[in-house]
Amino acid sequence: MKIFLDSANLAEIQYWNELGVISGVTTNIKLLSEQNVADYRDHLTKIANIVNHPVSFELQEDDYNNMINMAVEISNWHRMMVVKVPMWPSGIGLKLLRDLKDLNVRTNTTWVTSITQAVMALHAGTNYISYFWSRANKNGINAFSDVQSLHYFLKDKFYKCLIIGASIHNEEEFKNAFKAGADIVTVSGKVLQEILNNKATLLIQKEREEYY
Ligand code: E4P
């Protein structure tokens, strides 16, 4: 079980990395624009140098050849870069996954909200599947059951692909994603801090302080 930080904030990434908690970082266009990032290459290279663990950067839909070239370019920014390929309804992402595998570019299939999409990405050769936990649940899909089935399927068939529990917005979802069998959970610094602020732990602290 590993934790990735879902963030593009350099100070936040540095902070959680120094605590030894995170084993990777995931970013997306929304997180990057919140940090007003203009130079993606420079920013993502900084993140990769801080963590020295896998760092995912999301492709934007474009002409197929442009996307392949962009993906190869991203993988050359730093040896830890992983290209996030969205599960676009057009299906073009599946073709990208297949071709990027042949080019030895590591991929993380994102926006996955069903086990059937996950199986498609798996067969196209992805290295990571980012299952969007809260988004699936909000749309009436049972995320727990999907991730659990996927976990057993991958285990039985000895696939090397790792499941990332993504779109995790609170501690309950974090716990459930691991219970269901996610290999990695990616969360914001806010959720990690909420986990540290556990009510029971705060009470223990208060009690101990009476004896300091
Ligand atoms: C992770 O890789 C995703 O970008 C992230 O968890 C997105 O989820 P959200 O948009 O529901 O927050």
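Within every chain, residues take consecutive numbers counted from 1 along the sequence as written. In view of the model being predicted, local features appear only for residues whose pLDDT reaches at least 70, and side-chain atom pairs are presented and counted only at 80 or more, with totals across whole chains, interfaces and linings using the full set of residues. Excluding hydrogens and water, the side-chain figures rest on all heavy atoms present in the structure.

### Digging into the layout of surface pockets
- In this structure, the largest pocket encloses a volume near 480 Å³.
- Using a grid of 1 Å spacing that covers the protein atoms alone, one calls a set of points a cavity when a 1.4 Å probe fits there but cannot get out, and a pocket when the set is open and has protein on both sides within 12 Å along at least five of seven lines; lining residues are those with an atom within 4 Å of a point. Looking at the largest pocket, it is lined by 23 residues, and the ones nearest its centre are Asp 6, Asn 28, Leu 31, Arg 135 and His 169.
- Only DSSP runs of H or I with at least four residues qualify as helices, and only runs of E with at least two residues qualify as strands; both kinds are numbered from the N terminus onward. Elements supplying a minimum of two residues to the lining of the largest pocket: α2 (29-34), β5 (107-112), β6 (128-132), β8 (184-187) and α10 (189-196).
- Here the lining of the largest pocket gets four residues from one element, more than from any other, and that element is α2.
- In terms of lining residues, the second largest pocket is bounded by Lys 101, Asn 104, Val 105, Arg 106, Leu 122, His 123, Gly 125, Thr 126, Asn 127, Tyr 159, Lys 160 and Cys 161.
- Here the lining of the second largest pocket is built from residues that sort into four nonpolar, five polar and three charged. Grid points are joined across faces, edges and corners, and a volume is the space filled by probe spheres set on the points. Residues are grouped as follows: Ala, Val, Leu, Ile, Met, Phe, Trp, Tyr, Cys and Pro are nonpolar; Asp, Glu, Lys and Arg are charged; every other residue, Gly included, is polar.

### Comments concerning the nonpolar core
- Only buried residues count toward a nonpolar core, which is a set of Ala, Val, Leu, Ile, Met, Phe, Trp, Tyr and Cys residues joined through side-chain atoms within 4.5 Å. Only protein chains enter the calculation, and the probe is 1.4 Å; a residue is then buried if its accessible area is under 20% of its type maximum, exposed if over 50%, and partly exposed in between. Judged by nonpolar contacts, the single largest core of 59 residues is most densely connected at Leu 59 and Leu 96.
- Among the elements that make up this core, the one with the highest residue count is helix α4 (residues 64-77) (six residues).
- The residues contacting Leu 96, other than those within four sequence positions of it, are Leu 59, Tyr 64, Met 67, Ile 68, Val 85 and Trp 88.
- The next biggest cluster of nonpolar side chains, apart from the first, holds five residues, and it includes Val 82, Tyr 128, Ile 164 and Ile 184. When checking whether two residues touch, look at their non-hydrogen atoms; a contact exists if any pair is within 4.5 Å.

### Notes on the site of the ligand
- It suffices for a single heavy atom of a residue to lie within 4 Å of a molecule or strand for the residue to be listed as near it. Surrounding the ligand, one finds Asp 6, Thr 26, Asn 28, Lys 84, Phe 132, Arg 135, Ala 166, Ser 167, His 169 and Thr 186.
- The term polar contact refers here to a pair of N or O atoms within 3.5 Å; inside protein, the definition further demands a hydrogen-donor-capable atom paired with an acceptor-capable atom, and it admits residues adjacent in sequence only when both atoms are side-chain atoms. Between an oxygen atom of the ligand and a side-chain N or O atom of Asp 6, the distance comes to 2.8 Å.
- In the environment of the ligand, an oxygen atom lies 2.7 Å from a nitrogen or oxygen atom belonging to the side chain of Lys 84.
- Here the ligand, which alone exposes 340 Å², has 89% of that area covered by the protein. Computed by Shrake-Rupley with a 1.4 Å probe, the accessible areas treat only the displayed protein chains as cover when residues are assessed.

### As for unusual backbone geometry
- Positive phi values are uncommon outside glycine, yet Asn 36 reaches one of about 55 degrees.
- With respect to the helices and strands, the residue Asn 36 is situated in the loop between α2 and α3 (40-51).
- Phi is positive for Trp 111, close to 70 degrees, though the residue is something other than glycine.
- In this fold, Trp 111 is placed in strand β5.

### So, the sheet that holds strand β4 (residues 81-86)
- Here the rule is simple: two strands pair whenever DSSP picks up at least two bridges between them. Taken together, the eight strands give a closed barrel; going around it, the order is β1-β2-β3-β4-β5-β6-β7-β8, and neighbouring strands pair in parallel fashion.
- Think of each axis as a best-fit line through the C-alpha atoms, taken over the contacting stretch in the case of a helix, with angles from 0 to 180 degrees between the N-to-C directions. This element, α4, spans β3 (55-58) and β4 of the sheet and lies at about 150 degrees to β4.

### A closer look at the pairing of β5
- Extensive coverage of β5 is indicated by the burial of five of its six residues.
- Bridging between β4 and β5 involves four bridges; their strand directions are parallel. The partner of Lys 84 across the bridge, within β5, is Asn 108.
- Orienting the strands away from the viewer, one traces the path from the first strand over the helix to the second; a clockwise path indicates a right-handed crossover. For the crossover that starts at β4, traverses helix α5 (residues 92-102) and ends in the parallel β5, the hand is right-handed.
- Taken together, the three bridges between β5 and β6 define a ladder with parallel strand orientation. Directly across from Asn 108, in β6, lies its bridge partner Tyr 128.
- With helix α6 (residues 115-124) bridging β5 and the parallel β6, this β-α-β connection has right-handed handedness.

Functional significance is not addressed by these values, which are geometric in nature.
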